[in-house]
Amino acid sequence: MSPRQYAAQILALRTKEERQQALAEVPEELRVLVKDHVESAWNLRARKKKP
């Protein structure tokens with residue numbers, strides 16, 4: 001699975017605890033990249049919500 005696919009699955013989760021657990025289950029060699037994808041997506045969502 002690609003880092004973007006992992007990130008998409010993590011972003012679909014409802015709670016922060018679920019997202020943290022899912023990130024911990026990502027293979028170690030991809031974890032930093034997946035975390036960057038998730039953080040980037042959250043930042044984009046936050047910017048879109050601002051008026």
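Structural notes, computed from the coordinates.

### Considering the packing of helix α2 (residues 16–24) against helix α3 (residues 28–49)
To characterise two packed helices, one gives the angle between the axes of the helices and the distance between these axes.
Right, so step 1: Closest axis-to-axis distance for the α2/α3 pair is 10 Å, and the angle between their directions is 150°. It follows that α2 is roughly antiparallel to α3 by the angle criterion. Residue-level contacts link Arg19, Leu23 and Ala24 of α2 to Arg31, Val34, Lys35 and Trp42 of α3.
Right, so step 2: Considering only residue class, the contact of α2 with α3 consists of 4 nonpolar, no polar and 3 charged.

### Brief notes about the nonpolar core
Right, so step 1: With 10 residues, the main nonpolar core is built from Tyr6, Ala7, Ile10, Leu11, Ala22, Leu23, Val26, Val34, Val38 and Ala41.
Right, so step 2: Of all the elements in the fold, those that place two or more residues in this core are α1 (3–11), α2 and α3.
Right, so step 3: Residues contacting alanine 7, with those up to four places away along its chain left out, are Val34, His37 and Val38.

### Topic: the layout of surface pockets
Right, so step 1: As a volume, the largest pocket reaches approximately 200 Å³.
Right, so step 2: Those elements that place two or more of their residues in the lining of the largest pocket are α2 and α3.
Right, so step 3: Of the residues belonging to the lining of the largest pocket, the class tally is 4 nonpolar, 1 polar and 4 charged.

### A word on the environment of proline 27
Right, so step 1: Structurally, proline 27 is set in the loop between α2 and α3.
Right, so step 2: The exposure class assigned to proline 27 is partly exposed, which follows from its relative accessible area of 26%.

### With respect to the packing of α1 against α3
Right, so step 1: At a minimum axis separation of 9 Å, α1 and α3 run at an interaxial angle of 50°. As judged from the angle between their axes, α1 and α3 are oblique. Handedness of the crossing formed by α1 with α3: right-handed. Seen from α1, the contacting residues are Pro3, Arg4, Tyr6, Ala7, Ile10 and Leu11; seen from α3, they are Leu30, Leu33, Val34, His37, Val38, Ala41, Trp42 and Arg45.
Right, so step 2: Among the residues making up the contact of α1 with α3, the classes are represented as 11 nonpolar, 1 polar and 2 charged.

Definitions and limits used
- Residue positions are given per chain, counted from 1 along the sequence in the order it is written.
- Thresholds applied to this predicted model are a pLDDT of at least 70 for local features of residues and 80 or more for the giving and counting of side-chain atom pairs; totals over whole chains, interfaces and linings are not thresholded and use all residues.
- To get the side-chain values, take all heavy atoms of the structure and skip hydrogens and water.
- Geometry is summarised by axes, namely lines fitted to C-alpha atoms with helices restricted to the contacting stretch, and by angles between N-to-C directions that run from 0 to 180 degrees.
- Secondary structure elements follow DSSP: runs of H or I of four or more residues count as helices, runs of E of two or more count as strands, with numbering from the N terminus.
- Roughly parallel refers to an angle under 35 degrees, roughly antiparallel to one over 145, roughly perpendicular to one between 65 and 115, and oblique to any angle outside these ranges.
- A contact between two residues is defined here by any heavy atoms of the two lying within 4.5 Å.
- Under the grouping applied here, Gly and all other residues not named as nonpolar or charged are polar, the nonpolar ones being Ala, Val, Leu, Ile, Met, Phe, Trp, Tyr, Cys and Pro and the charged ones Asp, Glu, Lys and Arg.
- Throughout this description, the term nonpolar core refers to a set of buried Ala, Val, Leu, Ile, Met, Phe, Trp, Tyr and Cys residues connected via side-chain atoms within 4.5 Å.
- Exposed residues in this analysis have more than 50% of their type's maximum accessible area, buried residues have under 20%, and partly exposed residues fall in between, with area computed by a 1.4 Å probe over protein chains only.
- Cavity: a set of points on a 1 Å grid over the protein atoms alone where a 1.4 Å probe fits but cannot get out. Pocket: an open set with protein on both sides within 12 Å along at least five of seven lines, its lining residues, like those of a cavity, having an atom within 4 Å of a point.
- Grid points are joined across faces, edges and corners, and a volume is the space filled by probe spheres set on the points.
- In this scheme the crossing of two helices becomes right-handed for a clockwise turn of the near helix relative to the far one and left-handed for an anticlockwise turn of less than a right angle.

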